[in-house]
Amino acid sequence: MFDQGRNRKVIITCAPTGSIHTPSMSPNLPVTPDQIAEAAIGAAEAGASILHLHARNPVDGSPSPTAEDFMRFLPRIKQSTDAVINISTGGSASMSLDQRIEGAKAVKPELASLNMGPLIFDFSGAGGRVKEWRHPWEEPYVTSSRGRIMYNDNVFIERIMTEIGLEFGTKFEFECYDISHLYTLAHFAEKKLIEPPFMIQGVYGILGGMGPDVRNLAHMVTVADSLFGKDYHLSSFGAGKHQLTFCTQSVLLGGHCRVGMEDSLYIGPGQMAVSNAEQVSKMVRIINELGLEVATPTEARALLGLKGGDKVGF
Ligand code: KMH
Ligand code: ZN
């Protein structure tokens, strides 16, 4: 159930790099291990208590699933911040299922993302403003997303819950791009493969998922309340120019929010963000203006029932 109390703490997740945007889309997108580490640390210093991380190939900045590439920046982030590390199991729709879970299985994080259903994952529109591509992989990768499905069936979802959740005590950021994904989550809750509280991440504005209409967010709350009662925390984000609208609406409705250059390269209309920390800072200001406080990593751990930063494998 959404907590609209004035004393509640709002968790900001930052996803600094992801696998949608490519180096040619913004000079400020972190792509090298040093850049990803600096962006993550800067976001944590600005107020993010959770860092949702993807890895990239250090040579050309293409999405990478390997544990080796995650380990190029994870120890450094851990040394510099107490923020919760969340490892993506979505990776990129161009990776195999085994590849997508390689990083999380190797590093046993406190949190991992878990995508709750298959999805057309079309971000080909993000290439529209690029004048010159820096690397040969980028343009085909972006344009071919129009013909890709991010594959998540119940066998794969169950595998992640078992091989990562039950095995390592990792909890999940359940990525829900559709109301139907909440029902899939309820199915697994009933099977007792996962324990509450559930962190539900509502995603809006990806072509293939729910559109960027805030009434969809209101309906997510209604359905999540009916399925999970008090046993969940809702966080939300909107892709591209919709980022802050959905973050703010989520906070107003009693939830949490996610920012980061994984899903938006912007800080305002037509204005590129200079850093992930800039997006986090803007959200901190909005939350404070609403009379609310941002959760520290310790508070986020308590809210979500996480195992602790000393119990990870890196
Ligand atoms: N960038 C989001 C729309 C994951 O990493 O598991 C998708 C995402 C998936 O964050
Ligand atoms: Zn992600």
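All chains use their own residue numbering, which begins from 1 and follows the written sequence. Going through the entries in the order they are written, you letter the chains from A and number the ligands from 1. pLDDT decides what is reported in this predicted model: residues at 70 or higher carry local features, side-chain atom pairs at 80 or more are listed and counted, and totals for whole chains, interfaces and linings draw on all residues regardless. Side-chain calculation: all heavy atoms of the structure are included, whereas hydrogens and water are not.

## Concerning the sheet that holds strand β2 (residues 12-14)
How we decide: Between any two strands, at least two bridges found by DSSP are needed for them to pair. Helix and strand labels come from DSSP, where a helix needs a run of H or I of at least four residues and a strand needs a run of E of at least two; each type is numbered from the N terminus. Lines fitted to the C-alpha atoms define the axes, with helices restricted to the stretch that makes contact. Angles between their N-to-C directions range from 0 to 180 degrees. Note on contacts: a residue pair is in contact if any heavy atoms of the two residues lie within 4.5 Å.
Pairing is parallel around the closed barrel formed by eight strands, whose spatial order is β2-β3-β6-β7-β10-β11-β12-β13. Taken pair by pair, the neighbouring strands of this sheet meet at an average axis angle of 25°, ignoring direction. Pairing geometry for strand β3 (residues 50-53) and strand β6 (residues 84-87), over four bridges, is parallel. Its bridge partner being in β6, histidine 52 is matched across the sheet by asparagine 86. Its contacts with the sheet put helix α10 (residues 276-289) on β2 and β13 (256-259), and the angle it makes with β2 is roughly 170°.

## A closer look at the packing of aromatic side chains
Definition in use: Note on aromatic contacts: the rings of Phe and Tyr and the six-membered ring of Trp form a pair at centre separations within 6.5 Å, being stacked when their planes are under 30 degrees apart, edge-to-face when over 60 apart, and tilted otherwise. The buried label applies to any residue whose accessible area, calculated with a 1.4 Å probe on protein chains only, is under 20% of its type's maximum; exposed applies above 50%, and partly exposed to all values in between. Two limits define a charge over a ring: the Lys NZ or Arg CZ must be within 6 Å of the ring centre, and within 35 degrees of the ring normal.
Under the counting rule described, the total for this entry stands at 10 aromatic pairs. Here the aromatic rings of phenylalanine 121 and tyrosine 177 are separated by 6.2 Å at their centres, their planes lie at 75°, and the arrangement is edge-to-face. Of the two residues, phenylalanine 121 sits in the loop between β8 (119-120) and α5 (138-143) while tyrosine 177 sits in the loop between β10 (171-176) and α7 (179-190), which places them 56 residues apart along the sequence. Tyrosine 177 matches phenylalanine 121 in its accessibility class, with the two residues each being buried. Through pairs of rings, three or more aromatic residues link up here, namely Phe121, Phe123, Trp137, Tyr141 and Tyr177. When the ring centre of phenylalanine 314 is taken as reference, the NZ or CZ atom of lysine 78 above it lies at 5.5 Å. In this structure, arginine 148 is placed above the aromatic ring of tyrosine 141, and the distance from its NZ or CZ to the ring centre is 4.9 Å.

## With respect to the coordination of the zinc ion (ligand 2)
Going by this rule: Note: metal donors comprise N, O and S atoms at 2.8 Å or less from the metal (3.2 Å for Na, K and Ca); water molecules are not included, so apparent gaps in a site are possible.
Those donors, His52 (NE2), His54 (NE2) and Glu262 (OE), are the protein atoms that reach the zinc ion (ligand 2), and they lie 2.0 to 2.1 Å from it. Read from N- to C-terminus, the donor residues coordinating the zinc ion (ligand 2) fall into the pattern H-x1-H-x207-E. Taking the relative accessible area as the measure of exposure, histidine 54 reaches 5% and is therefore buried.

## As for the nonpolar core
Note the cut-off: By nonpolar core is meant a set of buried Ala, Val, Leu, Ile, Met, Phe, Trp, Tyr and Cys residues that side-chain atoms within 4.5 Å join together.
Residues Ile12, Leu51, Met161, Phe174 and Ile200 are the most contacted members of the largest nonpolar core, which totals 68 residues. Excluding residues within four positions of it along the chain, isoleucine 200 makes contact with Phe174, Cys176, Leu182, Leu185, Ala224, Phe228, Tyr232, His233, Leu234 and Ser235. Ile20, Val142, Val203 and Tyr266 belong to the second-largest nonpolar core, a separate cluster that totals 20 residues.

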